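Descriptive analysis of the structure
Read off the chains here:
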Amino acid sequence: MKFKMIIPLKYHSRLGTIRRNFRNKFSKRIKLNEKLIIIVGSPHKVGSTWVFKILSDLLYFDDINPSKNKYNGKTKDNIPLQSLLNYFEKLNPKIGYILKSHSNPLESLPKYIKQITVLRDPRDVIVSAANHLSFLPVELGGWGKEFSAKSQKDQILELIEKANFIYDLFINWSNCENCLVLRYEELKRDPLTEINKIVTYCNLNIKLDRIKLAITKNDFQKKSGRNPGDIKSGTFLRKGIVGDWKNVFDKEMLEYLYENENGRWRKLINDLEYDI
């Protein structure tokens, strides 16, 4: 005796959407001749989410999403990449995968892994990170109501004092020898050229028109509904411009940053070849 599953009418439209999305993803996915995992790894607030979303819409690769239960409850962004190597090894070799990470880079890579990183003026990162931590829920890493109630200046001064988690990732990713390094400032100036560098680095054959479409889909104005520079506090897409630190840091704040921890931020900014 055969049974037929009856799906209520109210779910028909949703099921049809799921099916269409699956077919679209499968048909648009870049075909591969060999296994490929792309890791977009970086410090926080450098534009890596922007790059990750462009690549996701360009490649239609599967997003890597390991179980948090196996990695002490860490979100996938913060799981140490080294601990994921066995997981990577077991993934389907016929499908491309992509992962965004805020952990340290892999020093030794299997040939099927490509690491991409994004760097940005650390002063802009500090401004953006202070804003982000002020509205992010505590359970997701935000710094709570007391931090949120402070002035922007006091938030930034506190962050400078506690910013090892940002500084250490800057050091590790800026010195990564087996990854492609992009700059946020260049991505803003000429995203087509910079994203095409990733395509070349990963040995992919993709037409420029397709890259342009993925970039346009993730344009700041299109995503936020605002022009770059128009600020909206309490949102992930805050301003979308280069050099906003100049509108925020006063002389006292800059001196505090440059003298912090024996001048480590000044040295980092110099090493990254940003003007002091």
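Above this text is the structure in question.
So, here's what we can say about the structure. Just so it is clear, the model here is predicted, and its values are computed rather than measured.

**Quick look at the overall build of the protein**
Helix and strand content of the protein: 13 helices and five strands. Here the protein holds 276 residues, and the buried ones make up 46% of them. Considering only contacts within the protein whose residues lie at least 6 apart along the sequence, 71% involve residues at least 24 apart.

**Quick word on the pairing of strand S4 (residues 113-119)**
Remark: a regular strand shows side chains that alternate across the two faces of the sheet. Among the seven residues of S4, seven are classified as buried, and the element is accordingly described as predominantly covered. Burial along S4 is two-sided: Ile113, Gln115, Thr117 and Leu119 facing one way and Lys114, Ile116 and Val118 facing the other are all buried. Taken together, the four bridges between strand S1 (residues 36-41) and S4 define a ladder with parallel strand orientation. Residue pairing in the sheet places Ile39 in a bridge with Gln115 of S4. Taken together, the five bridges between S4 and strand S5 (residues 179-183) define a ladder with parallel strand orientation. Looking at S5, one finds that Ile116 is bridged to Leu180.

**Brief notes about unusual backbone geometry**
Keep in mind that most residues, glycine aside, have a negative phi and that most peptide bonds are trans. Positive phi outside glycine occurs at Asn203, with the angle close to 60°. Relative accessible area serves as the criterion here: at 62%, Asn203 is assigned to the exposed category. In the Ramachandran plot, Glu273 falls in the positive-phi region, its phi being about 70° despite a non-glycine side chain.

**A look at the nonpolar core**
A general trend in soluble globular proteins is that nonpolar side chains are found buried together. Within the largest apolar cluster, 57 residues are counted, with the highest numbers of intra-cluster contacts made by Ile38, Leu55, Ile195 and Phe249. Per-element tally for this core: the top contributor is helix H2 (residues 48-59), with seven residues. In terms of nonpolar packing, the next biggest core, distinct from the first, is built from 19 residues, Leu91, Ile95, Leu99 and Leu106 among them.

Conventions adopted
- Think of each chain on its own: its residues are numbered from 1, step by step along the sequence as written.
- For this predicted model, a pLDDT threshold of at least 70 governs which residues receive local features, and a threshold of 80 or more governs which side-chain atom pairs are given and counted, while totals over whole chains, interfaces and linings are taken from all residues.
- The side-chain figures draw on all heavy atoms in the structure; neither hydrogens nor water molecules are used.
- The helix count covers DSSP runs of H or I at least four residues long, the strand count covers runs of E at least two residues long, and both are numbered beginning at the N terminus.
- When a residue's accessible area, from a 1.4 Å probe over protein chains only, is under 20% of the maximum for its type it is buried; when over 50% it is exposed; and in between it is partly exposed.
- It only takes one pair of heavy atoms within 4.5 Å for two residues to be counted as in contact.
- In short, DSSP must find at least two bridges between two strands for them to pair.
- We define the nonpolar core as a collection of buried residues of types Ala, Val, Leu, Ile, Met, Phe, Trp, Tyr and Cys that are connected through side-chain atoms lying within 4.5 Å of one another.

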